[in-house]
Amino acid sequence: GKLCRWSISNDVWTVLESEIKCNFEYLDPRGIASTAWALATAKRSSSEVWSELGAAALHNIHEFDSQALANTVWAYATVGHSSP
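Within any chain, residue numbers begin from 1 and follow the written order of that chain's sequence. Local features in a predicted model are, by the rule used here, given only for residues with pLDDT of at least 70; side-chain atom pairs are given and counted only at 80 or more, and totals for whole chains, interfaces and linings are based on all residues. The side-chain values count all of the structure's non-hydrogen atoms but skip hydrogen atoms and water molecules.

1. As for the overall build of the protein chain
The following threshold applies: Secondary structure is summarised from DSSP: a helix means a run of H or I of at least four residues, a strand means a run of E of at least two, and numbering begins at the N terminus for each. Burial classification: accessible surface area is computed with a 1.4 Å probe over protein chains only, and a residue below 20% of its type maximum counts as buried, one above 50% as exposed, and the rest as partly exposed. In what follows, a contact means two residues having at least one pair of non-hydrogen atoms within 4.5 Å. Areas reported here follow the Shrake-Rupley algorithm with a probe of radius 1.4 Å; residue values treat only the protein chains shown as occluding.
Within the protein chain one finds four helices and two strands. Reading the protein chain from its N terminus to its C terminus gives the helix and strand order β-β-α-α-α-α. Going through the 84 residues of the protein chain one by one, you find that 32% of them count as buried. Taking the intrachain contacts of the protein chain between residues at least 6 apart in sequence as the baseline, contacts between residues at least 24 apart amount to 68%. A total accessible area of about 5300 Å² is found for the protein chain, and carbon and sulfur atoms account for 55% of it.

Put into structure tokens, the structure is as follows:
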């Protein structure tokens, strides 16, 4: 994927997605929104990662402010994932 001016290898994205799956429960709403935004911007659409982020978002939905909610919804719409 390409993020800004730097090209990031698929192996790096695979490692990052693995870390997200292992540590998603530690993300607060801002972290969930930022992670979702970064993945969507890089056009990463691993269903497993998006499902994990969705579970974390739903678990913390009462803590989301309007900006975090909007960014998360935008990210899911951008990659075409129907959850959360």
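2. Quick look at the nonpolar core
This is how the line gets drawn: Nonpolar core, defined: a set of buried Ala, Val, Leu, Ile, Met, Phe, Trp, Tyr and Cys residues in which side-chain atoms within 4.5 Å join the residues together.
Grouped together as the largest cluster of nonpolar side chains are 18 residues, with contacts concentrated most on Ile32, Leu39, Trp50 and Leu53. Taken together, the elements giving at least two residues each to this core come down to helix H1 (10–23), helix H2 (29–41), helix H3 (47–59) and helix H4 (66–79). Excluding residues within four positions of it along the chain, tryptophan 50 makes contact with Ala36, Leu39, Ala40, Arg44, Ser45, Ala75, Tyr76, Val79 and His81.

3. Side note on the packing of H1 against H3
Spelled out, the test is: Angles run from 0 to 180 degrees between N-to-C directions of axes, and those axes are lines fitted to C-alpha atoms, restricted for helices to the stretch in contact. Whether a crossing is left-handed or right-handed is set by the direction in which the near helix is turned from the far one by less than a right angle, anticlockwise for left-handed and clockwise for right-handed. Under the scheme applied here, ten amino acids are nonpolar (Ala, Val, Leu, Ile, Met, Phe, Trp, Tyr, Cys and Pro), four are charged (Asp, Glu, Lys and Arg), and all others, including Gly, are polar.
Across the interface, H1 lies against H3 with an axial gap of 9 Å and an inter-helix angle of 35 degrees. In this structure, the crossing between H1 and H3 has a hand that is left-handed. Touching Glu17, Ile20 and Lys21 of H1 are Glu48, Val49, Glu52 and Leu53, all from H3. Looking at the contact of H1 with H3, its residues break down into three nonpolar, no polar and four charged.

4. Observations concerning the environment of histidine 81
Considering the arrangement of structural elements, one finds histidine 81 in the segment after H4. Sequence separation between histidine 81 and serine 45 is 36 residues; the distance between their C-alpha atoms is 7.8 Å. For histidine 81, the residues in contact, after removing those within four places along its chain, are Ser47, Trp50, Ser51 and Tyr76.

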